[in-house]
Amino acid sequence: MEDTGGKVYRLGVMGGTFDPIHYGHLVAAETARIEFRLRQVLFVPTGNPPHKQEKKISPGELRFEMVRRAVADNPNFSLSRLEIERQGPSYTIDTLRILRKDHPESDLYFITGTDALREIFFWHEAAEILKLTNFVAVSRPGYEARDFLEQARKEHPEAQGRISLLEVPALAISSTDVRARVGRGQSIRYLLPEAVRRFIEEKALYRMT
Ligand code: ATP
Ligand code: MG
């Protein structure tokens, strides 16, 4: 994959709602970090995501705290308040522009699952996004991406050399499923870090979903 400019370091960016964060996110970030020699992976919990506006999502501060607990023991993981502090809808393009300014020494590698990869071409200012960052699309059970990517590369020349597929250990875990389990009173142990599970219990999150 080509670099955005052949800079010294590589910064991974893992965007997500993280409602809640789970091992699918963490194994994706860790595998991408190693395979792409990323110095850091920065987790960026979304504020008020434009495509999820109609859905009820937990307050940013609670989602942020769960991510904080989940990444605390990994010196190569960090997290950002950029999006949760922004008023109104947060667009990835704005976040990437800020990150480019804040990290002039690093090329950016945006990590998404293969489900989210299908959406990036519809994101606000998609062509601009592809100029600012590389994409690492990590495999996610149920979302095959190879054919889609081949097609997308033909239709979107700006995607050439910008998107890589990465096989990661398959974890069929989703935040939606975690919330549903809590709602049904089922166990979520071993689907996410214990510190996050305890936080969900303490704050009585997802009981009514
Ligand atoms: P929800 O069910 O609420 O949509 P989610 O589990 O999909 O939650 P998100 O916060 O929407 O989590 O996802 C953030 C990013 O992590 C996305 O790019 C998504 O594709 C990726 N991702 C989430 N779960 C997995 C998984 N199990 N394996 C690989 N990638 C994942
Ligand atoms: Mg999702």
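Everything quoted here is computed from the prediction, not taken from an experiment.

Novice: What is the right way to read the site of ligand 1 from this model?
Specialist: Taken together, the neighbourhood of ligand 1 is formed by 22 residues, with Asp-115, Arg-140, Leu-171, Ser-175 and Thr-176 sitting nearest. Measuring from a nitrogen atom of ligand 1, one finds a backbone N or O atom of Leu-171 at 2.8 Å. At the level of elements, strand S1 (9-16), helix H1 (23-35), strand S4 (106-113), helix H4 (114-117) and helix H7 (175-183) are the ones that each hand at least two residues to the shell around ligand 1.

Novice: Looking at this structure, how should I read the environment of Arg-140?
Specialist: Locating Arg-140 in the fold gives a position in the loop between strand S5 (134-138) and helix H6 (146-155). Sequence spacing of Arg-140 and Asp-115 is 25 residues, and the spatial spacing of their C-alpha atoms is 7.1 Å. With residues up to four places along the chain from it excluded, the contact list for Arg-140 reads Thr-114, Asp-115, Ile-173 and Ser-174. At a separation of 3.0 Å, a polar atom in the side chain of Arg-140 contacts the side chain of Asp-115.

Novice: Looking at this structure, how should I read the side chain of Asp-19?
Specialist: Relative to the elements of secondary structure, Asp-19 occurs in the loop between S1 and H1. Despite its burial, Asp-19 pairs with no opposite charge, the nearest such side chain being Arg-179 at 4.2 Å. Among all residues touching Asp-19, those that are not within four sequence positions of it are Ile-57, Ser-58, Arg-63, Ser-175, Arg-179 and Tyr-206.

Novice: Would you mind showing me how to read the packing of aromatic side chains here?
Specialist: How two aromatic rings sit relative to each other is set out by the distance from centre to centre and by the angle between their planes. The full count for this structure, using the stated rule, is seven aromatic pairs. Taking 5.9 Å as the distance between ring centres and 75° as the angle between the ring planes, the aromatic pair formed by Phe-110 and Trp-123 counts as edge-to-face. Of this pair, Phe-110 sits in strand S4 while Trp-123 is found in the loop between H4 and helix H5 (126-132), placing the two residues 13 residues apart along the sequence. Of the residues examined, Phe-110 reaches a relative accessible area of 7% and is grouped as buried. For the ring pair Phe-110 and Phe-135, a centre distance of 5.5 Å and an interplane angle of 50° mean the geometry is tilted.

Novice: Would you mind going over the packing of helix H2 (residues 60-71) against helix H8 (residues 194-202) with me for this structure?
Specialist: Axis angle and axis distance: for two packed helices, these are the angle between their axes and the distance between the axes, and together they describe the pair. Between H2 and H8, the least distance of the axes is 8 Å, while the angle of their chain directions is 150°. For the element pair H2 / H8, the angle class is roughly antiparallel. Two packed elements cross with a definite hand, and for H2 against H8 that hand is right-handed. Side by side, H2 and H8 meet where Leu-62, Glu-65, Met-66, Arg-69 and Ala-70 of the first sit next to Ala-195, Val-196, Phe-199, Ile-200 and Glu-202 of the second. Looking at the contact of H2 with H8, its residues break down into seven nonpolar, no polar and three charged.

Criteria and cut-off values
- Residues numbered from 1 in each chain as written.
- Chains lettered and ligands numbered in written order.
- Predicted model: local features only at pLDDT ≥ 70, side-chain atom pairs only at ≥ 80, totals over all residues.
- Heavy atoms only, no water.
- Near = heavy atom within 4 Å.
- Polar contact = N/O pair within 3.5 Å; in protein donor to acceptor, adjacent residues only side chain to side chain.
- Helix = DSSP H or I, 4+ residues; strand = E, 2+ residues; numbered from the N terminus.
- Contact = heavy atoms within 4.5 Å.
- Buried < 20%, exposed > 50% of the residue type's maximum accessible area, 1.4 Å probe, protein only.
- Lys, Arg positive; Asp, Glu negative; His and termini not counted.
- Salt bridge = Lys/Arg side-chain N within 4 Å of Asp/Glu carboxyl O.
- Phe/Tyr/Trp six-rings, centres within 6.5 Å; stacked < 30°, edge-to-face > 60°.
- Axes fitted to C-alpha atoms, helices over the stretch in contact; angles between N-to-C directions.
- Parallel < 35°, antiparallel > 145°, perpendicular 65-115°, else oblique.
- Left-handed = near helix turned anticlockwise from the far one by under 90°.
- Nonpolar A, V, L, I, M, F, W, Y, C, P; charged D, E, K, R; others polar.

These values are about where atoms sit, not about what they do.
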